[in-house]
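# Secondary and tertiary structure notes
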Amino acid sequence: MKSLVIEGGNPLSGTVSISGAKNAALPACVASLLTEDPVILHSIPQLRDVSTILYTLGALGKRVVRHDANVSIAAGGSLISEANAYSVSQMRASFLVLGPLVARLGKAVVPLPGGCAIGARPVDLHLEGLRALGARVEERNGMVVVTADRLTGGTIHLPFPSVGATEQIAMAACLAEGQTVIHNAAIEPEVIDLIELLGKMGADISVTDRTIRVMGKRSLGGAEHMLIPDRMEAGTILLAGAITRGRVSVSPVRPQHLDAFLNSLRATGVELELGEMSITATGITRPTAIKLDTAPYPGFPTDLHPPLAAFLSIADGTSKITESVFERRFAYSVPLCKMGARIVQDGATISIQGIDELTGQQVDAPDIRGGAALVLAGLAARGRTVVTGLDHIDRGHANLESKLRAIGARIERREDDS
Ligand code: EPZ
């Protein structure tokens with residue numbers, strides 16, 4: 001079984017180069033379905049999820065050429081309207097191909113994505129959005145079949161600013177006839193990055209506050225685009241410096257994309273220095289406990305809740321985190337308690353009573369961000385921590401152990417057959 005073996009207790013020190021954002025890369029790759037012309041993306045992270053989406057696009061008829069952190073996605077013959085069941089089962093974001101396919105072909109057949117470790121994660125808002133654009137949507141034996149002669153612009157009021165639903169509807173609307181308005185849209189930096197790419201492809205799309213307006217076109221062209229840095233990776237690496245009482249810098253990163261997270265980190269007593277495209281965190285002997293709620297952007301990002309919880313498990317006092325986005329985001333608390341953390345869950349709120357020191361254990365990652373939390377805990381814990389469940393971690397963090405080792409972590413990947 002693959003594992004990360006960590007000897008805790010070393011203060012980390014140095015600068016880590018941040019990869020392109022996974023959650024910007026995935027929708028950006030899917031946007032290539034909207035055009036016959038080549039879409040060239042730079043700063044593509046070396047992640048399993050990116051390989052999965054590129055495999056999906058290849059199976060739909062795209063010609064994908066990848067070289068290091070750059071990818072070109074061009075036409076490779078006629079597009080196919082049915083997505084590969086395997087890739088959607090592997091990764092929920094593959095479901096985003098639905099809107100662009102029906103916008104281009106008038107038909108799309110995509111398996112319903114399952115839930116996962118962090119929640120049921122339904123797609124009702126995606127489907128209602130496509131219906132508002134005039135599509136006929138049926139569910140048959142676990143498949144979603146969407147048809148439309150031509151999508152027509154509509155007005156959508158999202159009850160929750162869903163990132164995926166916003167991206168799905170915005171991409172489909174680019175080829176719909178007439179104007180589409182999406183109210184209460186998600187405005188995460190990754191969504192704004194997709195909107196920038198769509199604009200480069202010739203889409204008539206704009207966002208004001210939480211309202212996205214699109215005037216549909218007959219077709220879009222190709223584009224070249226540099227993805228934004230991964231703010232979740234940046235936040236996680238900064239926490240690695242803080243939890244080991246070291247001094248760590250991350251670059252490139254846009255500090256304004258992490259405002260809420262940085263405010264929470266500062267409230268624990270961690271010293272922060274912000275540059276134009278860099279952030280430096282200096283850890284302290286004992287962080288102060290804090291209270292926070294996760295929320296859609298610009299609120300505290302749910303993806304940094306588990307890594308922050310690991311840091312707060314050694315704080316002075318009792319912290320509280322209320323999770324408002326995913327109902328099962330708390331899976332990390334079980335393995336973290338095995339390492340000595342004192343975490344009690346009460347509905348959507350957890351209380352973390354800080355302890356002096358965590359103890360190294362064998363623990364299993366429940367999901368991407370929970371896995372990152374366990375790695376952080378292992379970096380600070382007394383003794384050895386063995387983290388399994390690397391399939392999760394590898395989906396969201398490119399070369400995590402080599403980036404941490406380069407700043408002083410005693411961490412290595414084992415590929416034991418056991
Ligand atoms: C995106 O997931 C991200 N994934 C997630 O990152 C991130 O945690 C999440 O947004 C919130 O910021 C990608 O961008 C690939 P949502 P998504 O639609 O689009 C409910 C990671 O670790 N909902 O904003 O699935 C849903 O159940 C991943 O990188 C509906 O009820 O998130 C959830 O409770 C994890 N119906 C809430 O909305 C719908 O049709 C937020 O989901 C859609 C969503």
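Let me begin by describing the structure that accompanies this report.

Calculation rules
Sequence positions are assigned chain by chain, starting from 1 and proceeding in written order. In keeping with the model being predicted, local features are shown solely for residues with a pLDDT of at least 70 and side-chain atom pairs are shown and tallied solely at 80 or more, while totals for entire chains, interfaces and linings include all residues. The basis for every side-chain value is the complete set of heavy atoms in the structure, and neither hydrogens nor water enter the calculation. The pairing test for Phe, Tyr and Trp rings, Trp by its six-membered ring, is centres within 6.5 Å, and the orientation test on the planes gives stacked under 30 degrees, edge-to-face over 60, and tilted for anything in between. Strands are runs of DSSP state E lasting at least 2 residues, helices are runs of H or I lasting at least 4, and numbering of each runs from the N terminus. With a 1.4 Å probe rolled over the protein chains alone, any residue whose accessible area is under 20% of its type maximum counts as buried; one over 50% counts as exposed, and the rest are partly exposed. Here a strand pair is declared whenever DSSP counts at least two bridges between the two strands. Interaxial angle, 0 to 180 degrees, is taken between N-to-C directions of lines fitted to C-alpha atoms, where a helix line uses only the stretch in contact. The contact criterion used throughout is that any non-hydrogen atoms of two residues lie within 4.5 Å. A cutoff of 4 Å decides nearness: a residue is near a molecule or strand if any of its heavy atoms lies inside that distance of it. Between N or O atoms, a polar contact is any pair within 3.5 Å; within protein, one atom must be a potential hydrogen donor and the other a potential acceptor, and residues adjacent in sequence are included only when both atoms are from side chains. Areas reported here follow the Shrake-Rupley algorithm with a probe of radius 1.4 Å; residue values treat only the protein chains shown as occluding. Side-chain classes are defined by residue name, with Ala, Val, Leu, Ile, Met, Phe, Trp, Tyr, Cys and Pro counting as nonpolar, Asp, Glu, Lys and Arg as charged, and the others, Gly among them, as polar. Salt bridge criterion: a side-chain nitrogen from Lys or Arg within 4 Å of a carboxyl oxygen from Asp or Glu. By convention a nonpolar core is built from buried Ala, Val, Leu, Ile, Met, Phe, Trp, Tyr and Cys residues, the set being connected through side-chain atoms within 4.5 Å.

### Overview of the packing of aromatic side chains
In total, this model carries one aromatic pair according to the counting rule given. Here Phe261 and Phe300 contribute two aromatic rings whose centre-to-centre distance is 6.0 Å and whose plane-to-plane angle is 55°, an arrangement assigned as tilted. Taken together, the residues Phe261 in helix α9 (residues 259-267) and Phe300 in the loop between β17 (291-293) and α10 (305-312) connect sequence positions 39 residues apart. For the pair Phe261 and Phe300, a shared accessibility class is recorded, and that class is buried.

### Focus: helix α4 (residues 98-105)
Buried residues dominate α4, accounting for six of its eight residues. Those residues of α4 lying buried are Leu98, Gly99, Pro100, Leu101, Val102 and Ala103. The first or second residue beyond α4 is Gly106, which carries a positive phi of 80°.

### Some points on the sheet that holds strand β8 (residues 143-147)
The strand order across the open sheet formed by three strands is β6-β8-β7, and the pairing between neighbours is antiparallel. Looking along the sheet, the strands with just one partner apiece sit at the ends: β6 (107-111) and β7 (136-140). Put simply, the sheet's adjacent strands are angled 15° from each other on average, direction ignored. In this sheet, β8 lies alongside β6 in antiparallel orientation, the contact comprising five bridges. Bridge assignment links Lys107 to a residue of β8, and that residue is Thr147. Lying on the sheet, α4 is in contact with β6 and β8; it crosses β6 at an angle near 160°.

### What to know about unusual backbone geometry
Here the residue pair Ser251 and Pro252 is connected by a cis peptide bond, since its omega of -5° sits within 30 degrees of zero. With omega at 10°, the peptide bond leading from Tyr297 into Pro298 counts as cis. Checked against the element boundaries, Pro298 lands in the loop between β17 and α10. A positive phi is found at Asp209, a non-glycine position, where the angle reads about 55°. By the secondary structure assignment, Asp209 is in the loop between β11 (204-208) and β12 (211-215). The backbone of Arg245 sits at a positive phi, close to 60°, despite the residue not being glycine. The class of Arg245 is partly exposed, set by a relative accessible area of 38%.

### Let's talk about the site of the ligand
The full set close to the ligand counts 23 residues, and Asp124, Leu125, Ser162, Asp303 and Val325 are the nearest of them. At 2.8 Å from an oxygen atom of the ligand is found a side-chain nitrogen or oxygen belonging to Arg92. Pro122 is positioned with one of its backbone polar atoms (N or O) 3.3 Å from an oxygen atom of the ligand. For the ligand, whose free accessible area comes to 820 Å², the fraction covered by protein is 87%. Those elements giving two or more residues to the shell around the ligand turn out to be α1 (22-31), α5 (124-132), α6 (163-173) and α12 (368-380). Of the residues that constitute the shell around the ligand, the class distribution is eleven nonpolar, five polar and seven charged.

### Re the pattern of salt bridges
Taken as a whole, this structure holds 20 salt bridges when the rule is applied. The shortest N-O distance in the salt bridge between Asp391 and Lys2 comes to 3.3 Å. Of this pair, Asp391 sits in helix α13 (residues 390-396) while Lys2 sits in strand β1 (residues 2-7), and the two are 389 residues apart along the sequence. Taking relative accessible area as the criterion, Asp391 reaches 40% and is therefore assigned partly exposed. The class of Lys2 is partly exposed, set by a relative accessible area of 30%. Residue Arg150 is joined to Glu177 by a salt bridge in which the shortest nitrogen-to-oxygen separation is 3.8 Å. Here Arg150, found in the loop between β8 and β9 (155-157), pairs with Glu177, found in the loop between α6 and β10 (179-183); they are 27 residues apart in sequence, far enough to count as distant. Taking the relative accessible area as the measure of exposure, Arg150 reaches 24% and is therefore partly exposed. Each of the salt bridges in this network shares a partner with another, and the network as a whole consists of Lys2, Arg48, Asp391, Asp394, Glu401 and Arg413.

### Remarks on the nonpolar core
Core analysis: the largest hydrophobic core is formed by 75 residues, its most contacted members being Leu41, Leu98, Leu151, Leu198 and Met201. Here the element with the most residues in this core is α1; it accounts for seven residues. Look past the residues within four positions of Leu41 in its chain and what remains in contact with it is Ala28, Cys29, Ala69, Asn70, Val71, Ile73, Leu197 and His225. Ranked by size, the runner-up nonpolar core spans 66 residues in total, among them Ile18, Val253, Leu336 and Ala365.

Honestly, it's all geometry; don't read function into it.
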